[in-house]
Amino acid sequence: MTNAATSDDAPGSPGGSSPGIWGGLREFANTRLGCTLWEMAVLLAVSGYFLLWGLVPYIGGAQLGLVGADEPRYAQIAREMLAAHSEDCHEVHAKVTPHSLRPKDVDASYHCLMGGTVTPILYGKPWLEKPALYYWRAMGFFKEFGVSDWSARLPSTSATLALIVLAFLHLRRFRPGGHLDAALIMVSCVAMVAFARGASTDMQLAAPLSIGMLGWYAWYETGKKFWLFDLYFFGAAATLAKGPVAVFLMLGILCLFCGLRREWSALRRTIWWPGLLLFLAMVLPWYIAVQRRNPTFYREFFLEHNLERFATNKFQHHQPVYFYLVVLILGLMPWTALGFRALVDAVGESIAEWKARYHPTRYVGHHRAGDAFPEFLVLWALFPVVFFSFSGSKLPGYILPSIPPLAILTGDYLYRVRRVGLPDWLLNLHAALAGFLTFVLLLCPQYMVYQKIVPAPKMFVWAAVMGILTALLILFVVRRWGITRIRLVTLIPLAGLLFFLMTMNGKLLDLNYSSRPLARQIQLNAPGVELVAVPDVAGATDIKHDDEWMPYGVRRDLVYGLSFYRNQPIVSYGQDGVPDEEHVLVIPTREADRLPGLLPGRVYQQLFLYETQGLSVYRVYAKS
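Conventions we followed
- Residues numbered from 1 in each chain as written.
- Predicted model: local features only at pLDDT ≥ 70, side-chain atom pairs only at ≥ 80, totals over all residues.
- Heavy atoms only, no water.
- Disulfide = S-S within 2.5 Å.
- Helix = DSSP H or I, 4+ residues; strand = E, 2+ residues; numbered from the N terminus.
- Buried < 20%, exposed > 50% of the residue type's maximum accessible area, 1.4 Å probe, protein only.
- Phe/Tyr/Trp six-rings, centres within 6.5 Å; stacked < 30°, edge-to-face > 60°.
- Lys NZ or Arg CZ within 6 Å of the ring centre and 35° of its normal.
- Patch = residues over 30% accessible without salt bridge, like charges linked within 9 Å, V, L, I, M, F, W, Y side chains within 5 Å.
- Areas by Shrake-Rupley, 256 points an atom, 1.4 Å probe, with all protein chains shown as cover.
- Salt bridge = Lys/Arg side-chain N within 4 Å of Asp/Glu carboxyl O.
- Pairing = 2+ DSSP bridges.
- Arc of directions from axis to C-beta.
- Bend = angle between axes of the 7 residues up to and from the residue.
- Contact = heavy atoms within 4.5 Å.
- pLDDT = per-residue confidence, 0-100.
- Core = buried A, V, L, I, M, F, W, Y, C linked by side-chain atoms within 4.5 Å.

Enquirer: Could you clarify how one ought to interpret the state of the cysteines in this entry?
Expert: A disulfide bridge is the covalent bond that connects two cysteines by way of their sulfur atoms. Per the counting criterion, the structure on display carries one disulfide. In this model cysteine 89 forms its disulfide with cysteine 112; the gap between the sulfur atoms is 1.8 Å. The chirality of the disulfide connecting cysteine 89 with cysteine 112 is right-handed, given an S-S dihedral of about 80 degrees. Remark: cysteine 112 occurs in helix H5 (residues 103–114) and cysteine 89 occurs in helix H4 (residues 70–92); sequence separation between them is 23 residues. Cysteine 112 matches cysteine 89 in its accessibility class, with the two residues each being buried. Cysteine 255 forms no disulfide, and the closest cysteine sulfur to it belongs to cysteine 258, at a distance of 7.2 Å.

Okay, here's the thing in structure tokens:
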């Protein structure tokens with residue numbers, strides 16, 4: 001009797017037993033989050049691994065430095081904005097939060113807030129191609145963790161994590177069943193893993209846009225205005241990340257959805273004045289402030305980097321019209337087969353429901369009667385792909401907003417077919433794609449070292465065997481234990497591939513594609529020399545080498561990378577002339593015989609060869 005009475009006591013009451021830490025967490029997950037503690041633990045563990053392993057020093061080490069032209073350039077802009085912000089705050093002896101409500105303290109805090117946060121600057125000059133959201137977030141991470149390549153990537157990583165968790169919670173509430181599958185598929189797609197680890201603006205657009213779209217549909221289904229807060233708040237964040245294209249994408253999807261359903265009243269009711277005021281309060285202050293300080297902003301940002309970028313090939317990113325179909329196939333890997341099957345299934349459901357609205361007799365017995373969510377996801381997935389396919393300038397990240405709805409459709413499809421299982425052809429194709437991805441990624445280090453598409457026979461056979469074993473493992477597990485295991489058995493090889501690339505071969509990636517090792521070696525060999533120069537930036541002109549015309553100069557991405565790691569602009573002989581001061585010259589090894597013509601009468605000495613990227617580094621002494 002005593003034991004029974006004790007067990008009935010309320011937790012935490014006098015004489016009662018405390019539920020403990022795990023009990024409290026379990027209760028919080030069940031009551032507040034609407035999911036089990038196990039689901040949340042799996043979600044966070046898997047997401048944390050795919051987003052952070054090999055990215056930060058504490059989780060697998062910061063294996064890869066900044067790559068490409070955009071990553072070091074955006075990171076350098078954030079660094080310079082932070083320096084200007086800190087200088088302005090120090091000047092007025094204030095912080096963003098005022099010391100008191102006295103007008104003097106409030107004015108000082110306002111000066112501190114605006115200092116360095118309005119105009120993006122690169123090498124001391126305005127850089128007006130993109131809005132400021134990424135730079136603001138990177139500034140915050142720099143201030144918290146210090147300026148580094150990995151902290152420059154945390155804005156994208158944290159935005160992706162927010163998307164994964166919020167999408168999981170949304171689906172758990174409105175479409176339970178495939179919610180965990182959808183979230184884990186989303187975070188393990190090749191496109192999501194790649195862009196979540198990049199210091200760029202692509203995920204700053206895709207994540208808030210996707211959260212806002214889910215929020216709008218929650219309002220559409222429940223009628224509760226609270227959910228429109230997501231649309232306006234995250235829509236404003238997306239607009240601060242990439243500009244008016246965010247508003248266009250969201251409006252395009254919503255207009256198509258409401259138009260096909262002939263529910264224009266839903267579009268009218270979407271105009272919610274508190275939300276609209278919130279959107280304008282978030283977006284307009286920065287756009288107005290940057291235009292006032294930079295009269296050329298409107299022309300550079302809106303006309304050149306939005307309209308001209310879409311309508312022309314001014315920025316030399318031309319691709320064929322089918323480019324984004326290829327990007328989508330690769331970006332969904334290894335879930336491509338399941339994702340496209342789920343999309344086709346959802347298109348069929350959408351057409352059936354569309355017919356039912358006008359011919360109800362054709363819809364008798366359909367298993368998803370009245371559910372508009374598949375139709376909404378299909379339009380959301382297809383609109384960015386179709387729209388950007390007509391763009392004169394195409395980059396892979398443009399259709400990143402299409403990945404989340406496809407992942408949601410895939411998770412829902414797997415949940416619905418769990419009893420009957422997958423068709424043999426679909427399971428075989430999924431296993432084959434997972435095996436092929438394994439085969440390709442295992443050979444990546446070979447390509448990086450030897451720059452040959454055809455690898456050594458031993459490595460080719462080893463990678464082929466591992467790819468075949470991956471495919472057979474998926475087939476065996478799914479056929480033995482059912483479709484509920486397909487998520488686990490697909491994620492295991494993916495986790496191993498990430499470990500293989502980032503931990504076992506991270507240094508190869510770094511040596512071949514980043515400027516970080518080169519900057520360290522320059523500092524080691526010429527510690528007292530500040531200036532670094534290149535003959536020219538590749539693409540400015542061409543030279544003939546071994547009967548082939550090749551770009552003359554150092555690659556643009558390497559120049560931006562050196563600028564970030566040296567925290568200074570790199571001098572270009574072609575644009576700035578040869579400095580009279582002592583400096584370090586980085587030149588492609590194949591162009592080293594041009595040095596006497598580049599440096600007539602100057603004394604120079606070779607410091608080292610940087611063979612992994614075909615470069616030679618010289619110390620050029622001051623002009624006498």
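Next comes the rest of the write-up.
Enquirer: Please clarify how the packing of aromatic side chains should be interpreted in this entry.
Expert: Pairs of aromatic rings are described using the distance from one ring centre to the other and the angle between the two planes. A full pass over the atoms with the stated rule returns 46 aromatic pairs. Consider the rings of phenylalanine 174 and tryptophan 227, whose centres lie 5.5 Å apart with planes at 75 degrees: the pair is edge-to-face. Residue phenylalanine 174 is found in helix H7 (residues 149–174), and its partner tryptophan 227 is found in the loop between helix H10 (202–222) and helix H11 (228–242); the two are separated by 53 residues along the sequence. Through successive ring pairs, a cluster of aromatic residues spans Trp216, Tyr217, Trp219, Tyr220, Phe257, Phe373, Phe376 and Trp380. Note that arginine 73 overlies the ring of tyrosine 560, its terminal NZ or CZ placed 5.1 Å from the centroid. Positioned above the aromatic ring of phenylalanine 564, the side-chain terminus of arginine 79 is 4.5 Å from the ring centre.

Enquirer: Can you help me understand a nonpolar patch on the surface in this one?
Expert: Side chains of Phe460, Val461, Trp462, Val465, Met466, Ile468, Leu469 and Leu472 sit close together on the surface and give an oily, nonpolar patch of about 730 Å² of accessible area. Note that valine 461 resides in helix H21 (residues 457–481).

Enquirer: Please explain the sheet that holds strand S8 (residues 604–610) as it appears in this structure.
Expert: Across a sheet, paired strands are connected by hydrogen bonds in the backbone, their directions being either parallel or antiparallel. The five strands are arranged S6-S3-S7-S9-S8 in an open sheet whose pairing can be described as mixed. Of all strands in the sheet, those with a lone pairing partner are strand S6 (571–572) and S8, marking the two edges. Here S8 pairs with strand S9 (residues 615–620) via six bridges, running antiparallel. From the neighbouring strand, phenylalanine 608 faces S9, where its bridge partner is valine 617.

Enquirer: Mind showing me how you'd approach helix H16 (residues 323–331) here?
Expert: Residues lying three or four places apart along an α-helix face the same way, a consequence of the helix completing one turn every 3.6 residues. Burial in H16 covers these residues: Phe323, Tyr324, Val327, Leu328 and Gly331. Each buried residue of H16 sits inside an arc of 130 degrees when the element is viewed along its axis, so together they form one side.

Enquirer: Would you explain helix H15 (residues 297–311) in this entry?
Expert: By the largest-angle criterion, glutamate 304 marks the main kink of H15, which is about 30 degrees. All of the buried residues in H15 are Phe297, Phe301, Glu304, His305, Asn306 and Arg309. Its buried side turned inward, H15 meets H11 and helix H14 (273–293).

Enquirer: Looking at this structure, how should I read the confidence of the model for the protein chain?
Expert: Any region with low pLDDT has predicted coordinates that should not be read closely. Of all residues in the protein chain, 88% attain a pLDDT of 70 or more, and the chain-wide mean is 87. Note on residues 1–18: pLDDT is under 50 here. Beyond four places in sequence and across chains, it has eight contacts. Ignoring residues within four places in sequence, the model shows residues 540–550, a span with pLDDT below 50, making 17 contacts including any to other chains.

Enquirer: Just to check I follow, could you spell out the nonpolar core for this structure?
Expert: Looking at soluble globular proteins, one finds that nonpolar side chains tend to be buried together. One finds Leu43, Trp216, Phe257, Phe376 and Leu422 to be the most contacted residues of the largest nonpolar core, which totals 150 residues. Ranked by the residues each element gives to this core, the list is headed by H10, at 13 residues. Those residues in contact with leucine 422, other than ones at most four positions away along the chain, are Leu338, Tyr413, Leu414, Val417, Leu427, Ile483 and Ile486. Among the nonpolar cores identified, the runner-up in size contains 19 residues, and Leu558, Leu562, Tyr610 and Val617 belong to it.

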